[in-house]
Amino acid sequence: MNMCGRVYLKGLVLYLLAWIAAAADQPQTVGKNGPKSGKGSGSSVIFPVTGNVYPLGYYHVTINIGQPSRPYFLDIDTGSDLTWLQCDAPCAKCTPAPHPLYKPNRNLITCLDPVCVSLQGPGNQDCPSPQEQCDYEIDYADHGSSLGVLIKDSFPLKFTNSSTIAPHLAFGCGYNQEVPDSAHLPYTDGVLGLGIGKSSILSQLRDMGLIKNVIGHCLSAQGGGFLFFGDDFLPASGIVWAPVLSQSKYYSLGLADLQFGGQASPIKGLQTVFDSGSTYTYFSSQAYNALVSLIKGDLNGKQLKDAVEDKSLPICWKGTKPFKSIRDAASYFKPLTLIFTEAKNVQFQLQPESYLIVTHGNACLGILNGGKVGLGSLNVIGDISLQDKLVVYDNERQRIGWASANCNRLQNMDRRYDGGLYLPYAGSYGTLEDTCAATFGSGEKAENKR
């Protein structure tokens, strides 16, 4: 998650050439004889998701990019706008990744490009010539960062109306990545920025008239799930909607009060943000300390003891025998509920399964102290609390919605897909099939991954 939002201009990357083809901005319709120029409405796109909260600590999708297209694993992040890939420009500092570095090819974006202007702001004094390349630096809450240059390339997408379109989209060519914990790296090629800003992939697709600016994800607690762009997969009913704060740079529903076990608590006025780029949920220091006191007080007399030897997360408990699953541990804990005070009758439920993980046979608290990672008064609803929920970010109507869901399959959709059948998600949805096979890896992610 990009909490700082700082974007600076750096030195030139001589490897990239300052040339942009006049046709580069035109969507490409891919047919049997290859791509050809053309406009068209694409409906929606769906992608299978890979990953989990523990032990991987992140969820990613596979996106094909380039001509010829090659697959890349991108970390799903609704807390930042810019999509970026590790890039051979050449690369000054890159981390181990599942695929070879992306190689730019005469596809530089200049300072005059609307995406650059949206990142840098108009009249930036660090960019004296409109034809200079557009550099970026994005900083994340865990003190990680990516430094690079903006480029454009083809994103071949398979839409639900059976069309295949390859629009040229702007993204970051990252040639210098800083990571706070080199022992817990995500095994991805970059980040898929799905935030509110104009530089996001969805905003660009919407500006081209290809898709509605609606994002939805369903992250399975068993691992995997699906991500979609567009509004084809919205349930006909059962979803809870709340307005996004118009002045916020993030997906924020404003202030919320916390209930503990169905009862009011002293934890009130939490400024909340939905962020799929954060593995765990974070409360501000005061709220976190109050919550820990409530939980520990409620556990008095129950057969749980502090598992101080377990360093997986800051607070863990052990039972009389090792827990085999979260279900085994959940009965000891009470549900939490966020009551959004700026929306009428809107609640976000956090059952124990939405804030606990089981590791080494212990139950660990997956709500962490945001003050220790520089979040200040901000409270982040991360992946652990988004599991087994369909979460929709509707930028067309400035609202967020959610509903309990089985994230292992598409369900309760008001439009039929693929000839009238609800099929499990498949690799051919979303991106075009490619002869270059994806290479899967493993690894763990730091506590606050973005």
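Throughout, residues of each chain are indexed from 1 in the direction in which the sequence is written. Only residues with pLDDT of 70 or above have their local features reported here, since the model is predicted, and side-chain atom pairs are shown and tallied only from 80 upward, although totals for entire chains, interfaces and linings are computed over all residues. Excluding hydrogens and water, the side-chain values take into account all heavy atoms of the structure.

### Description of the nonpolar core
- Leu-227, Phe-229, Phe-274 and Trp-402 are the most contacted members of the largest nonpolar core, which has 93 residues in total.
- Secondary structure counts use DSSP, requiring at least four H or I residues in a row for a helix and at least two E residues in a row for a strand, with both numbered from the N terminus. Ranked by the residues each element gives to this core, the list is headed by helix α3 (residues 285-299), at six residues.
- Contact criterion: two residues are considered in contact whenever any of their non-hydrogen atoms come within 4.5 Å of each other. Leaving out residues up to four positions away in the same chain, Phe-229 has contacts with Ser-44, Val-45, Phe-47, Leu-192, Leu-194, Leu-202, Leu-205, Ile-211 and Val-214. Only buried Ala, Val, Leu, Ile, Met, Phe, Trp, Tyr and Cys residues count toward a nonpolar core, and they belong to the same one when joined by side-chain atoms within 4.5 Å. The buried label applies to any residue whose accessible area, calculated with a 1.4 Å probe on protein chains only, is under 20% of its type's maximum; exposed applies above 50%, and partly exposed to all values in between.

### What to know about the pairing of strand β5 (residues 70-77)
- Of all the eight residues making up β5, seven are buried; the element is thus mostly covered by neighbouring parts of the structure.
- Pairing between strands requires that DSSP locate at least two bridges from one strand to the other. Examined bridge by bridge, strand β4 (residues 58-65) and β5 share six bridges and lie antiparallel to one another. Of the residues in β5, the one forming a bridge with Val-61 is Leu-74.
- Linking β4 to β5, which pair antiparallel, is a turn of four residues; within it Gly-66 sits at a positive phi near 105°.

### As for the confidence of the model for the protein
- Within the protein, residue pLDDT values average 83, and 79% of them lie at 70 or more.
- Contacts from residues 3-26, a stretch scored under 50 in pLDDT, to residues over four places away or in other chains number 60 contacts.
- Confidence over residues 431-450 falls short of pLDDT 50; this stretch has 82 contacts with residues more than four positions distant or in other chains. The score called pLDDT rates the predictor's confidence residue by residue, from a low of 0 to a high of 100.

### Quick look at the pattern of salt bridges
- Here a salt bridge means any side-chain nitrogen of Lys or Arg lying within 4 Å of a carboxyl oxygen belonging to Asp or Glu. If you walk through the whole model with that rule in mind, you get nine salt bridges.
- The residue Lys-103 makes a salt bridge to Asp-88 at a minimum N-O spacing of 2.6 Å. Of this pair, Lys-103 sits in the loop between β6 (84-86) and α1 (114-120) while Asp-88 sits in the loop between β6 and α1, and the two are 15 residues apart along the sequence.
- Salt bridges sharing partners connect three or more residues here, namely Asp-298, Lys-302 and Lys-334.

### Quick look at the pairing of strand β11 (residues 168-178)
- In terms of burial, β11 is a largely internal element, nine of the eleven residues being buried.
- Bridge analysis of β6 against β11 gives three bridges, and the strand direction is parallel. Note that in β11 the partner of Leu-85 across the bridge is Cys-173.
- The sheet contact formed by strand β8 (residues 145-154) and β11 spans ten bridges and is antiparallel. Paired with Ile-151 across the bridge in β11 is Phe-171.

### Structural notes on the sheet that holds strand β21 (residues 316-318)
- Read across the open sheet, the four strands follow the order β20-β21-β25-β24; overall the sheet is antiparallel. Whereas interior strands pair on both sides, the edge strands pair on one side only; in this sheet they are β20 (305-306) and β24 (356-359).
- One ladder, built from two bridges, connects β21 with strand β25 (residues 362-365); its direction is antiparallel. In the strand pairing of β25, Cys-316 is matched with Cys-364.

### Overview of the side chain of His-99
- Its place among the elements puts His-99 in the loop between β6 and α1.
- For His-99, a relative accessible area of 8% puts it in the buried group.
- At 3.4 Å, the side chain of His-99 forms a polar contact with the backbone oxygen of Pro-71. Two N or O atoms form a polar contact when they lie within 3.5 Å of each other; inside protein one atom must be a possible hydrogen donor and the other a possible acceptor, and for residues adjacent in sequence the pair counts only when both atoms belong to side chains.

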